[in-house]
Amino acid sequence: MKRISSPHTGSIGAFRRGPRRALALVGTLGVSAFVTSCASGAELDTMKPKGPTADDLHNLIVPVFIVAGVVLALVIGGTILMIRKFGVKEYTEVDFPEQIHGNTRLEIGWTIVPAMILAVVAVFTVSVLQTQNKYHKDQALSVVVVGQQWWWEYRYYDGGFDPAKNYDLGIDVRLNEIQNHKGKTEKHPVIVTATQLVVPVGTEIDLYITSRDVNHSHWIPALNGKRDAIPGRIQPWKIEADDPGVYFGQCTEFCGLSHSRMRMQVVAMTDADFQTWWAQQKAPATATTPEGQAWLDQQKAITAGTFNSKVDPSKVLAAPTASAADRGMAIFRGQCTRCHLATGINEDIYTGEAQQVSKAAPNLTHFSSRTTYAGGIFNLYNPDGTVNRPQLEAWLRNPPKEKPAYAVGERGMPNLQLSEPQINDLVEYLLSTGTKPAAEIITKTEVE
Ligand code: HEC
Ligand SMILES: [Cu+2]
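No experiment lies behind these values; they were computed from the predicted model shown.

How should I be thinking about the sheet that holds strand β10 (residues 235-239) in this particular structure?
Strands belonging to one sheet form pairs held by backbone hydrogen bonds; the direction of such a pair is parallel or antiparallel. Taken in spatial order, the five strands make up an open sheet running β5-β2-β1-β7-β10, and their pairing is mixed. Since the sheet does not close on itself, it has two edges, and those belong to β5 (191-194) and β10, each with one partner. Here the average twist between neighbouring strands, direction ignored, is 25 degrees.

It is not clear to me how the site of ligand 1 should be interpreted in this structure. Could you clarify?
Near ligand 1 there are 31 residues, and of these Cys336, Cys339, Ala361, Tyr373 and Met413 occur at the shortest range. Of all elements in the fold, only α7 (324-335) and α10 (420-431) reach the threshold of two or more residues within the shell around ligand 1. Classifying every residue of the shell around ligand 1 gives 21 nonpolar, seven polar and three charged. For the shell around ligand 1, the two domains that each supply at least three residues are domain 2 (141-282) and domain 3 (290-445).

Looking at this structure, how should I read helix α3 (residues 104-133)?
Three or four residues apart is the spacing at which side chains of an α-helix point the same way, because the helix has 3.6 residues per turn. Taking 1.5 Å per residue, 30 residues should reach 44 Å; α3 reaches 42 Å between its end C-alpha atoms and fits that length. By the criterion of burial, α3 is predominantly exposed, with just zero of the 30 residues buried.

Looking at this model, I keep getting lost on the pairing of strand β12 (residues 263-269). Mind explaining?
Looking along a regular strand, one sees the side chains alternate between the two faces of the sheet. Extensive coverage of β12 is indicated by the burial of seven of its seven residues. The alternating pattern of β12 places Arg263, Gln265, Val267 and Met269 on one face and Met264, Val266 and Ala268 on the opposite face, and all of these are buried. By the bridge criterion, six bridges tie strand β11 (residues 245-250) to β12 in an arrangement that is antiparallel. Looking at the pairing, valine 246 lines up with valine 267 of β12.

I tried to follow the environment of glutamate 410 on my own but got confused; where do I start?
Considering the arrangement of structural elements, one finds glutamate 410 in the loop between α9 (399-402) and α10. The class of glutamate 410 is partly exposed, set by 16 C-beta atoms lying within 10 Å. As a C-alpha pair, glutamate 410 and valine 199 span 211 residues in sequence and 31 Å in three-dimensional space. Leaving out residues up to four positions away in the same chain, glutamate 410 has contacts with Gln355, Gln356 and Val357.

Is there a simple way to explain the domain arrangement of the protein chain in this structure?
The figure often quoted for interface size is the accessible area lost as the parts come together. When cut into domains, the protein chain gives domain 1 (6-99), domain 2 (141-282) and domain 3 (290-445). The partner domain 2 presents 14 residues to the twelve residues of domain 1 that form the contact. Looking at the side of domain 1 that touches domain 2, its residues break down into five nonpolar, three polar and four charged.

Help me out: how do you make sense of the packing of α7 against α10 in this one?
The packing of two helices is summarised by the inter-axis angle and the distance between the axes. The N-to-C vectors of α7 and α10 enclose an angle of 100 degrees; their axes lie 7 Å apart at closest approach. Put simply, α7 runs roughly perpendicular to α10. In this structure, α7 contributes Ala324, Ala325, Arg327, Gly328, Met329, Ile331 and Phe332 to the contact, and α10 contributes Gln422, Asn424, Asp425, Leu426, Glu428 and Tyr429. Of the residues assigned to the contact of α7 with α10, the class counts are seven nonpolar, three polar and three charged.

Whenever I open this one, helix α2 (residues 52-86) confuses me. Can you help?
Its 35 residues place the ends of α2 51 Å apart at the C-alpha level, agreeing with the 51 Å of an ideal helix rising 1.5 Å per residue. Among the 35 residues of α2, two are classified as buried, and the element is accordingly described as predominantly exposed.

Sorry if this is basic, but what is going on with the packing of helix α8 (residues 389-397) against α10 here?
Close contact between α8 and α10 brings their axes to 10 Å; oriented N to C, the two are set at 120 degrees. Of the possible angle classes, the one that applies to α8 and α10 is oblique. The hand of the α8/α10 crossing is right-handed. Where α8 approaches α10, its residues Arg389, Leu392, Glu393, Leu396 and Arg397 are matched on the opposing element by Ile423, Leu426, Val427 and Leu430. When grouped by side-chain class, the residues that make up the contact of α8 with α10 number six nonpolar, no polar and three charged.

Hey, could you run me through the pairing of strand β1 (residues 141-148) in this one?
Burial within β1 is extensive, with seven of its eight residues counted as buried. Sheet topology places β1 next to strand β2 (residues 151-158); eight bridges connect them, and they run antiparallel. Within the sheet, the bridge partner assigned to valine 143 lies in β2 and is tyrosine 156. Across six bridges, β1 lies against strand β7 (residues 205-211) in parallel orientation. Bridge pairing links glycine 147 to serine 211 in β7.

Quick question: what am I supposed to make of the sheet that holds β11 here?
Read across the open sheet, the three strands follow the order β6-β12-β11; overall the sheet is mixed. Strands with a single pairing partner mark the edges of an open sheet, and in this sheet they are β6 (196-200) and β11. The average undirected angle you get between the axes of adjacent strands in this sheet is 20 degrees. Taken together, the five bridges between β6 and β12 define a ladder with parallel strand orientation. Of the residues in β12, the one forming a bridge with proline 200 is methionine 269.

The rules behind these values
- Per-chain numbering applies: the sequence of each chain, read as written, is numbered from 1 onward.
- Here the convention is simple: chains get letters from A, ligands get numbers from 1, in the order in which they are written.
- Where local features are concerned, this predicted model is filtered to residues with pLDDT of at least 70; where side-chain atom pairs are given and counted, the filter is 80 or more; whole-chain, interface and lining totals use all residues.
- One requirement defines pairing of two strands: DSSP has to find at least two bridges between them.
- Going along the chain from the N terminus, every DSSP run of H or I of four or more residues is numbered as a helix, and every run of E of two or more is numbered as a strand.
- Axis lines are fitted to C-alpha atoms, over the contacting stretch for helices. Their N-to-C directions set the angle, which ranges from 0 to 180 degrees.
- Near, for a residue, is defined by distance from a backbone-placed C-beta atom to a molecule or strand, with 6 Å as the limit that must not be exceeded.
- Here the term charged refers only to Asp, Glu, Lys and Arg, the term nonpolar to Ala, Val, Leu, Ile, Met, Phe, Trp, Tyr, Cys and Pro, and the term polar to all other amino acids, Gly among them.
- Where a domain begins and ends is set by an automatic assignment or by a domain database.
- Every helix has an expected span of 1.5 Å times one less than the residues it contains.
- Residues with at least 20 other C-beta atoms within 10 Å of their own are called buried, those with 12 or fewer are called exposed, and the rest are partly exposed. The C-beta atoms themselves are positioned from the backbone.
- Working definition of a contact: two residues with C-beta atoms, positioned from the backbone, lying within 7 Å.
- For this classification, under 35 degrees means roughly parallel, over 145 means roughly antiparallel, 65 to 115 means roughly perpendicular, and everything else is oblique.
- Take the far helix as the reference: if the near one is turned anticlockwise from it by less than a right angle, the crossing is left-handed, and if turned clockwise, right-handed.

Right under this line is the structure:
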């Protein structure tokens with residue numbers, strides 16, 4: 001009997017201790033993964049569906065996980081059993097196991113069984129996919145969701161939006177150049193907002209998801225799975241919330257520097273509250289005093305050519321001075337129009353081609369009716385309902401400091417070197433643009 005040289009024996013000995021250590025490691029990792037995934041109050045929890053579309057997914061995930069768990073237990077259990085039963089203690093030539101090549105019955109068995117399991121899973125998966133992909137073409141309310149570095153835009157269409165029949169230049173200016181719009185009618189959204197998607201409860205909402213720059217992915221775990229936002233493509237998706245409340249989301253496709261700061265929230269309201277919200281959002285913004293409104297109206301008349309300031313210089317109104325909000329409105333028209341649209345305030349001079357790589361910046365028409373901004377990372381209101389002024393001022397003072405962005409490369413809001421009085425007036429203006437949301441929404445949308 002010839003013993004295999006001792007170094008081998010040594011390494012076999014180490015290998016024998018290996019499985020136990022490996023098991024301990026796998027066990028620890030598994031338990032910690034399980035414990036952390038069960039964090040209570042986690043905002044992004046796939047396992048807690050809050051609407052029928054998410055239920056569909058959940059009802060698929062759970063049985064598949066159970067089957068996968070059983071398979072995992074069998075495989076791990078079998079492996080441990082084999083090691084126990086057939087593992088050699090002292091490696092000698094005598095112990096060398098008989099070498100078998102091929103076992104037709106076994107091989108057919110382990111091909112057919114997994115194939116059957118996968119076939120069953122496929123039947124359920126395909127049927128869920130089909131329900132998920134069925135969407136109403138003539139839905140009363142459709143929302144086009146546009147991902148952009150690093151925030152989400154929501155465009156609401158009255159009477160629905162159907163990518164097969166409609167096109168919208170605002171979705172992607174460059175897309176229009178490459179896509180054939182023949183036979184399609186141009187359609188404009190009635191409401192454009194950012195970060196917070198407001199929906200009525202108990203209604204299936206058709207979403208059409210796209211992007212203006214790079215790939216993003218829209219994900220509101222409580223309401224449905226992920227859907228990629230791809231430039232040049234419009235992907236249908238849907239969500240539905242059973243109860244009023246706030247459902248958190250996050251971009252889940254790595255999209256650059258501030259990817260983790262590209263968050264969003266669905267705010268689901270009762271039908272009556274949604275109707276109120278809808279009416280408020282559709283109305284254009286106005287100045288806060290008659291003095292401001294007169295100046296604004298005259299500015300628009302100058303743009304329209306119905307008032308010639310050179311002909312009537314004595315009738316030219318000075319920019320409003322009395323109200324800080326109206327002073328801010330005037331600054332806004334001058335400094336912010338090259339990027340931001342606020343319907344009622346600057347649509348006459350806004351070109352629709354913001355100085356951004358993407359050609360768009362958040363619509364600020366009713367900014368203060370949202371509770372979070374800049375990709376859902378800042379709170380506009382404190383939990384007690386007061387305004388979080390220092391944060392908004394800091395944002396206007398130096399946006400790239402508050403949220404990393406390639407602002408010099410026109411991928412975020414640049415530092416506009418505003419003076420402190422300007423910042424003060426702009427904050428007053430921004431706060432005058434919308435109805436403050438209900439206290440409950442303010443506390444529920446609060447981000448840390
Ligand atoms: C060069 C383009 C540009 C200019 C000019 C500009 N902004 Fe912005 N602004 C942006 C971009 C882009 C964002 C989105 C930044 C993000 O979330 O990453 C933004 C975000 C904002 C937000 C947060 C909106 C939201 O809902 O998330 C406010 C408020 C804002 N800007 C105010 C202003 C004001 C006031 C001015 C004028 C003094 C101004 N901006 C000028 C590009 C611009
Ligand atoms: Cu993204």
